Amino acid sequence: MKPITEESMGRYLSARMPNWRHVMVSDFHRLPMGASRETFRFDLAYEDETGRHAQKMILRRDPPASNVDSDRRHEFCAYQAIYGHGIPVPRMILLEEDPAHFDGAISLAEDLRGFHNSEYQIQEPAWRDRLPRLAEGLWSAMGKLAAVPTADLDLEFMKPATAESTAAQELDYWEASLDASDVGPEPITRAAIRWLRRNPPPPAQKLAMVHGDFRAGNFLYDDAGELVAVLDWEMAHRGDPLEDLAWSLSRVLSFGKDDRRSGVAPRADAIRIWEKASGLKADPAGLHWWELMMCIKGQAIWNAGVSAWKKSDDPQVIHAYAAWWLRNAQDRAMLELMGKL
Amino acid sequence: MKPSVPAAVANLAALLRDDIAPALTGFRAGNAGMAAAMFDMVAEEWDRAAARLVAENAALRAVLTRGGIEHAPGPDADLRVSALEAANEALRERLITLHAAVEQRDDADARSLENAIWDVLRASVENRRIASANF
């Protein structure tokens, strides 16, 4: 991938924004965020007819090989779709899809600085007293997202789905993703897929905009533990809102290595907060189906990281690390959900 | 190799995590931290990998034989980890076929065999656990 520099970004913005003068890009550096996209931060200053402006910016770039089948347009549109609908998200500023500029498509967004996003920091003893507030913020925001009527959102960029079709669609999609990765035979994952097909869930109570990766690590929080913004919308899609809840309950994403889901709160607390905020019921059978389904999705993503690592000219440590760290734990989570552990 | 590979790799992990990573920032610090965690996993896996695979392959052969599925005979002759992993993958592929077939049957023998398959899979997962895993 072509390196992005302060000079190249400054030249690009000067050309892209003809009304901007004296464009200055500074403190450009890559952040240790995410396995699927490159994320950079920089300071921007420019002048236009209204005066001098200074902004903190986040840049994300599509890599040639990723563990997630998404692109800049999809995430950019997802952020735009939910912006202003009660779920706090950063404002999108610019989408550039022509790879001639930076090798891969990029998006620019406002950078909300001075907050935290680490899923590990909140496992430290000093944060223990703020976990209830973090839990309230995490699962309330998720519940509010579930409650937003899809008719109020511009989701035309997403694949169609219905309350009846979404479960099978997601299973088909992630099974195909597993088939496309070359990591060897996986008896537990394949048994789980057969179980899911033999035991389809009830139709979704409603169709919702599903975030697709709603968990600790993908939201900003302040020093008091208040949720500030929800990030990483690249896997957003129309679907069953139980899907987001199930993903957030995943054992492999329980960073405290105990019964606190997402490393934040016990399963029952998470469900209670989500139900109150969404106005929906988390049907136990449906939620169980989605929890096992999320194990399939997780394994597909970790396996896709292996494939991306193997075929990339610039293998990313995180793809190999995540696969080593997560794949057996994901199998173990499937055993638990199937009552075989 | 002396010092032993697990001890040397664990030392490298500590060096990366406690000395080098704190001197870095941003993306590089993240990579150093993950590399340290990978060294920890190598240290854990190095000593046990061959024994784990030999035992798992024997268990897989036993359950496949019980299910009437043909497979390469054991015990494993080539004890290099790469050879053991190749044998393991061939056996796991056949286990998927057997498992799917057994699920379709509705008799006591099938349920008993299915339980035996789950026993093998459960043992495999427990023996592959790493200390840093969330679950």
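Residues numbered from 1 in each chain as written. Chains lettered and ligands numbered in written order. Predicted model: local features only at pLDDT ≥ 70, side-chain atom pairs only at ≥ 80, totals over all residues.

Quick word on the overall build of chain A
Working step 1: In terms of regular secondary structure, chain A is built from 10 helices and 11 strands.
Working step 2: Against the compact-globule benchmark of 20 Å for 341 residues, chain A has a radius of gyration of 20 Å, which places it among compact chains.
Working step 3: Here chain A holds 341 residues, and the buried ones make up 45% of them.
Working step 4: Considering only intrachain contacts with a sequence separation of at least 6, the fraction spanning at least 24 residues in chain A is 71%. (Helix = DSSP H or I, 4+ residues; strand = E, 2+ residues; numbered from the N terminus. Rg over C-alpha atoms; globule rule 2.2 N^0.38 Å. Buried ≥ 20, exposed ≤ 12 C-beta atoms within 10 Å, placed from the backbone. Contact = placed C-beta atoms within 7 Å.)

A short note on the domain arrangement of chain A
Residues and elements named next belong to chain A.
Working step 1: Along its sequence, chain A is carved into domain 1 (6-110) and domain 2 (121-337).
Working step 2: The gap between the C-alpha centroids of domain 1 and domain 2 is 26 Å.
Working step 3: Listed by partner, the interface residues are 24 residues for domain 1 and 27 residues for domain 2.
Working step 4: For the side of domain 1 that touches domain 2, the class distribution of residues is 13 nonpolar, 8 polar and 3 charged. (Domains from an automatic or database assignment. Nonpolar A, V, L, I, M, F, W, Y, C, P; charged D, E, K, R; others polar.)

Brief notes about the pairing of strand S8 (residues 227-230) of chain A
Residue and element names in this part refer to chain A.
Working step 1: Sheet topology note: the strand S7 (residues 219-221)/S8 ladder contains 3 bridges and is antiparallel. Looking at the pairing, Tyr221 lines up with Leu227 of S8.
Working step 2: The turn joining S7 and S8, which pair antiparallel and follow one another in sequence, is formed by 5 residues; a positive phi near 90° is taken by Gly225. (Pairing = 2+ DSSP bridges.)

Let's talk about the sheet that holds strand S4 (residues 92-96) of chain A
Residue and element names in this part refer to chain A.
Working step 1: Taken together, 5 strands build an open sheet; the order of strands is S1-S2-S3-S5-S4 and the sheet is antiparallel. Every other strand in the sheet has two partners, leaving strand S1 (21-30) and S4 as the edge strands with one partner each. Looking at each pair of strands side by side, their axes are set apart by 25° on average, direction ignored.
Working step 2: For S4 and strand S5 (residues 106-110), the ladder comprises 4 bridges, and the chain directions are antiparallel. Paired with Glu96 across the bridge in S5 is Ile106.
Working step 3: Each of S1 and strand S2 (38-48) touches helix H1 (residues 6-16); the most contacted strand, S1, lies at about 140° to it.
Working step 4: Against the sheet, helix H2 (residues 72-82) contacts strand S3 (51-61), S4 and S5, and its axis sits at roughly 160° relative to S4. (Axes fitted to C-alpha atoms, helices over the stretch in contact; angles between N-to-C directions.)

With respect to the interface of chain A and chain B
Working step 1: Listed per partner, the contact involves 31 residues of chain A and 29 residues of chain B.
Working step 2: Among the elements of the structure, S1, helix H6 (187-198) and helix H10 (317-337) of chain A are those that each provide at least two residues to the side of chain A that touches chain B.
Working step 3: Looking at side-chain class alone, the side of chain A that touches chain B contains 19 nonpolar, 4 polar and 8 charged residues.

Details of H10 of chain A
All names here are of chain A.
Working step 1: Helix length check: H10, at 21 residues, gives a terminal C-alpha distance of 30 Å against a target of 30 Å (1.5 Å per residue), a fit within 8%.
Working step 2: Maximum bend of H10: about 35°, positioned at Leu326.
Working step 3: In terms of burial, H10 is a largely internal element, 16 of the 21 residues being buried.
Working step 4: Residue Gly339 follows H10 closely and has a positive phi angle near 70°. (Expected span 1.5 Å × (residues − 1). Bend = angle between axes of the 7 residues up to and from the residue.)

Description of the packing of helix H2 (residues 26-66) of chain B against helix H3 (residues 81-104) of chain B
How two helices sit against one another is set out by the angle between their axes and by the gap between those axes.
All names here are of chain B.
Working step 1: Two elements in contact, H2 and H3, have axes whose closest approach is 9 Å; the angle formed by their N-to-C orientations is 30°. The orientation of H2 with respect to H3, classified from their angle, is roughly parallel. The handedness of the crossing between H2 and H3 comes out as left-handed. Within the contact between the two elements, H2 uses Ala49, Ala50, Leu53, Val54, Glu56, Asn57, Leu60, Arg61 and Leu64 and H3 uses Val81, Leu84, Glu85, Ala87, Asn88, Leu91, Arg92, Arg94, Leu95 and Leu98.
Working step 2: Grouping the amino acids of the contact of H2 with H3 by side-chain chemistry returns 12 nonpolar, 2 polar and 5 charged. (Parallel < 35°, antiparallel > 145°, perpendicular 65-115°, else oblique. Left-handed = near helix turned anticlockwise from the far one by under 90°.)

Thoughts on the environment of Leu326 of chain A
Residue and element names in this part refer to chain A.
Working step 1: With respect to the helices and strands, the residue Leu326 is situated in helix H10.
Working step 2: Along the chain, Leu326 and Leu253 lie 73 residues apart, while their C-alpha atoms are 9.1 Å from each other.
Working step 3: Not counting the four nearest positions on each side in its chain, Leu326 is found in contact with Val252 and Trp302.

Considerations on unusual backbone geometry
Keep in mind that most residues, glycine aside, have a negative phi and that most peptide bonds are trans.
Working step 1: The residue after Lys2 of chain B, namely Pro3 of chain B, is reached through a cis peptide bond having omega 0°.
Working step 2: Relative to the helices and strands, Pro3 of chain B is located in the segment before helix H1 (5-20).
Working step 3: Pro75 of chain B follows Gly74 of chain B through a cis peptide bond whose omega is -5°.
Working step 4: Note that Pro75 of chain B resides in the loop between H2 and H3.
Working step 5: Backbone geometry at Asp27 of chain A places phi at a positive 50°, although glycine is not the residue there.
Working step 6: Inspection of the secondary structure assignment puts Asp27 of chain A in strand S1.

A word on the confidence of the model for chain B
Working step 1: Across chain B, the average pLDDT comes to 97, with 100% of residues at 70 or higher.
Working step 2: Two numbers describe this predicted complex: its pTM, 0.94, and its ipTM, 0.97. (pLDDT = per-residue confidence, 0-100.)

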